[in-house]
Amino acid sequence: MPNTLLIRGGRIIDPGQEIDKTGSLLIKEGKIAWLGDGAPPENDYDTLDAGGLIVCPGFIDLHCHLRQPGDEEKETIATGTLAAARGGFTTVCCMPNTNPPLDNESMINYIKAIAANESPIRVLPIGCVTVGRKGEELVDMGELEMAGAIAYSDDGSPVVSPEAMRQALEYSRDFNRPIIDHCENLFLTQGGQINEGVVSLELGLRGIPASAEELFVQRDLDLARETGGHVHIAHVSTEGSVELIRAAKEEGIPVTAEVTPHHLTLTDEAVLKHKTYAKVNPPLRTKRDTLALLRALNDGVIDIVATDHAPHTAADKNCEFTQAAFGISGFETALGSLAGLILNSELSLNTLIAALTVGPARILGYEKLGTLEVGAPADVTIFDLHKEWVVDASQFASKGKNTPLDGQTLKGKVMATLFQGNPVYMDEAMKIESKKE
Ligand code: DOR
């Protein structure tokens, strides 16, 4: 058990409790023990100075790929969670598109066992919706539920069969779990490489139209309306999807949605410069789309930010465009890429923190995560909104060096991540002072 620790003098932002004030946080036995602006109710503690920094609940990532088992050359649970901790994440939900996929009890148990031994943070496994992620036959959701799946998804692929999706939503209602859908009409995306538009024309690459996503979003919303099951739309990328989700929320359909840092900050023009490193699914869209996504995040139509951390090897990316894998390694640049939006007044700081903390916790139904409430696990992220740093992918903890941001100067850096009171990442400028008063 770590020592009692006082995180002193930071700007504490906890949107779940509507707290935004300068103060200190006392951590005892791995839990939040006190939060206030006077002297703590103890006098025997170590100290971490957070003056000038933001102190908030540990980030929760509802959507990432850890690749184990089966693709350990791309990432492992150990390397992925270390990268997540560096990015300020204390909880990550891993997608089931592993090899074999997480479609039965023993696979969920496998993830839990490896994570218990090798991860510095919390790993919550997402089970498949369909057997083998083939999009046809529903998994035994009761079995996965008992094993500890915290949501269901065929991510990387859509739940092709509307019947399977409908059944999954019916179970989701009973289990109180979200069904996370990767919305993609495969008939419209076959052979597609990047967004269908001016850039795809210019490069002579087959385009992926907005309708490929939107047709599926519409289908899922219809099924959620009919069943009352909770659908969560993964990596929303188009203005049209945003408008469908907005209307569905107004109607009271149980839908939540996420957006990635890359869909908020980059457009398809990034492909001109970064080539395969900007190849991702769904593809980077247009400025009009990024603006719609940003508006939707600000006004609550999009609930959360999720990284879709998708590590790949150099060989997966340094090849012909059409052969390259889709995906961006996202844990270690998430905050830095989004802080720019705050510094430009395009996104509010409290909205961003909510989207990374209490937002995902509420989607998962965890009242004690994503908050600095007294008694909650002391999962804490400390960051400097203004600190400049240069992205050096070769130094990533993640095996996936595939980022279009390599070499870029970003503002906004994670300075420390604490999981259950334990420092799991500390910038070299941070130091815990042992002190008895
Ligand atoms: O770009 C992506 N990469 N999108 C997905 O949906 C899957 C992911 C992966 O697993 O590489």
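Asker: Would you mind showing me how to read the overall build of the protein chain here?
Answerer: The helix and strand inventory of the protein chain stands at 15 helices and 19 strands. Against the globule reference of 22 Å for 437 residues, the protein chain gives a C-alpha radius of gyration of 21 Å, in line with a compact fold. Over its C-alpha atoms, taken along the principal directions, the protein chain stretches across nearly 65 × 45 × 40 Å. For the protein chain, buried positions account for 62% of its 437 residues. Expressed as a percentage of contacts within the protein chain between residues at least 6 apart in sequence, the contacts between residues at least 24 apart total 75%.

Asker: Would you take a moment to explain the site of the ligand for this structure?
Answerer: Near the ligand you find 14 residues, and of these Arg67, Asn97, Asn281, His312 and Phe326 are the closest. Contact between the ligand and His65: an oxygen atom at 3.5 Å from a side-chain N or O atom of the residue. Between Asn97 and the ligand, the recorded distance is 2.9 Å, taken from a side-chain N or O atom to an oxygen atom. Considering the ligand on its own, with 290 Å² of exposed area, one finds that the protein chains cover 93% of that surface. Classifying every residue of the shell around the ligand by side-chain character gives 3 nonpolar, 8 polar and 3 charged.

Asker: Where do I start with the nonpolar core in this structure?
Answerer: Across soluble globular proteins, you tend to see nonpolar side chains buried next to one another. The biggest cluster of nonpolar side chains holds 79 residues, and the ones touching the most others in it are Val92, Ile233, Leu264, Ile302, Val305 and Phe383. Broken down by element, the residue count for this core peaks at 6 residues, all from helix α13 (residues 334–343). With 20 residues, the next largest nonpolar core counts Leu5, Leu25, Ile27 and Leu48 among its residues.

Asker: Even after reading the chapter, I still don't get the pairing of strand β16 (residues 380–390), so can you show me in this structure?
Answerer: Judged from the 4 bridges that link them, strand β5 (residues 54–57) and β16 form a sheet pairing that is antiparallel. Opposite Val55, over in β16, you have Ile382 as the bridge partner. Here 8 bridges tie β16 to strand β17 (residues 409–419), and the two strands are oriented antiparallel to one another. Within β17, the residue paired with Val380 across the bridge is Leu418.

Asker: What exactly am I supposed to notice about the environment of Ala85 here?
Answerer: For Ala85, the location among the structural elements is in helix α1 (residues 77–86). Judged by its relative accessible area of 0%, Ala85 is buried. Linking Ala85 and Asn195, residues 110 residues apart in sequence, is a C-alpha distance of 32 Å. When sequence neighbours within four positions are dropped, the list of residues in contact with Ala85 reads Ile121, Thr417, Val424 and Tyr425.

Asker: Hey, could you run me through the sheet that holds strand β8 (residues 122–125) in this one?
Answerer: In sheet architecture, strand pairing relies on hydrogen bonds along the backbone and comes in two forms, parallel and antiparallel. Strand order in the open sheet formed by 3 strands is β6-β7-β8, with parallel pairing between adjacent strands. Since the sheet does not close on itself, it has two edges, and those belong to β6 (59–64) and β8, each with one partner. Sheet twist, expressed as the mean angle between neighbouring strand axes with direction ignored, is 20 degrees. Examined bridge by bridge, β6 and strand β7 (residues 89–94) share 4 bridges and lie parallel to one another. Bridging from a neighbouring strand, Ile60 pairs with Thr91 of β7.

Asker: Would you mind showing me how to read α13 here?
Answerer: Helical geometry note: an α-helix holds 3.6 residues per turn, so side chains three or four residues apart project in the same direction. With respect to burial, α13 is a largely interior element, 8 of its 10 residues being buried. After α13 finishes, the residue Ser345 shows a positive phi value of roughly 60 degrees.

Asker: Would you explain the pattern of salt bridges in this entry?
Answerer: Two side chains with opposite charge may pair up if their charged atoms get near one another. Enumeration according to the criterion identifies 21 salt bridges in this entry. Among the salt bridges present, the one from Glu332 reaches Arg86, with a minimum N-O distance of 3.7 Å. Here the residue Glu332 occupies a position in the loop between α12 (314–317) and α13, and Arg86 occupies one in helix α1, the gap between them amounting to 246 residues. Here Glu239 makes a salt bridge to Arg288, at a shortest N to O gap of 2.6 Å. Placement of Glu239 in helix α8 (residues 239–251) and of Arg288 in helix α11 (residues 287–298) is noted, with a sequence separation of 49 residues between them. Residues joined by salt bridges that share partners form a network here, namely Arg166, Glu170 and Glu226.

Asker: Just to check I follow, could you spell out the sheet that holds strand β10 (residues 179–181) for this structure?
Answerer: The strand order across the open sheet built from 5 strands is β9-β10-β13-β14-β15, with neighbouring strands paired in parallel fashion. Only two strands of the sheet have a single neighbouring strand rather than two, namely β9 (152–153) and β15 (304–305).

Asker: How should the state of the cysteines be read in this particular structure?
Answerer: Disulfides are covalent bonds that connect the sulfur atoms of two cysteines. With the rule as written, the count across this model stands at 0 disulfides. With no disulfide of its own, Cys56 has Cys93 as its nearest cysteine by sulfur position, at a separation of 17 Å. When its relative accessible area of 0% is taken as the criterion, Cys56 is described as buried. Among the cysteines around Cys93, which has no disulfide bond, Cys64 carries the closest sulfur, lying 7.2 Å off.

Asker: So what exactly am I meant to see when it comes to the packing of helix α7 (residues 210–227) against α8 here?
Answerer: The axes of two packed helices give the description: the angle between them and the distance between them. Contact geometry for α7 and α8: axes closest at 9 Å, N-to-C directions at 10 degrees. Considering the angle they form, α7 stands roughly parallel to α8. Crossing of α7 against α8: the hand is right-handed. Of α8, the residues touching α7 (which contributes Glu213, Glu214, Val217, Gln218, Leu221 and Arg225) are Gly240, Ser241, Leu244, Ile245, Ala248 and Glu251. Grouping the constituent residues of the contact of α7 with α8 by class yields 5 nonpolar, 3 polar and 4 charged.

Conventions used here
Residues numbered from 1 in each chain as written. Predicted model: local features only at pLDDT ≥ 70, side-chain atom pairs only at ≥ 80, totals over all residues. Heavy atoms only, no water. Helix = DSSP H or I, 4+ residues; strand = E, 2+ residues; numbered from the N terminus. Rg over C-alpha atoms; globule rule 2.2 N^0.38 Å. Buried < 20%, exposed > 50% of the residue type's maximum accessible area, 1.4 Å probe, protein only. Contact = heavy atoms within 4.5 Å. Near = heavy atom within 4 Å. Polar contact = N/O pair within 3.5 Å; in protein donor to acceptor, adjacent residues only side chain to side chain. Areas by Shrake-Rupley, 256 points an atom, 1.4 Å probe, with all protein chains shown as cover. Nonpolar A, V, L, I, M, F, W, Y, C, P; charged D, E, K, R; others polar. Core = buried A, V, L, I, M, F, W, Y, C linked by side-chain atoms within 4.5 Å. Pairing = 2+ DSSP bridges. Axes fitted to C-alpha atoms, helices over the stretch in contact; angles between N-to-C directions. Salt bridge = Lys/Arg side-chain N within 4 Å of Asp/Glu carboxyl O. Disulfide = S-S within 2.5 Å. Parallel < 35°, antiparallel > 145°, perpendicular 65-115°, else oblique. Left-handed = near helix turned anticlockwise from the far one by under 90°.

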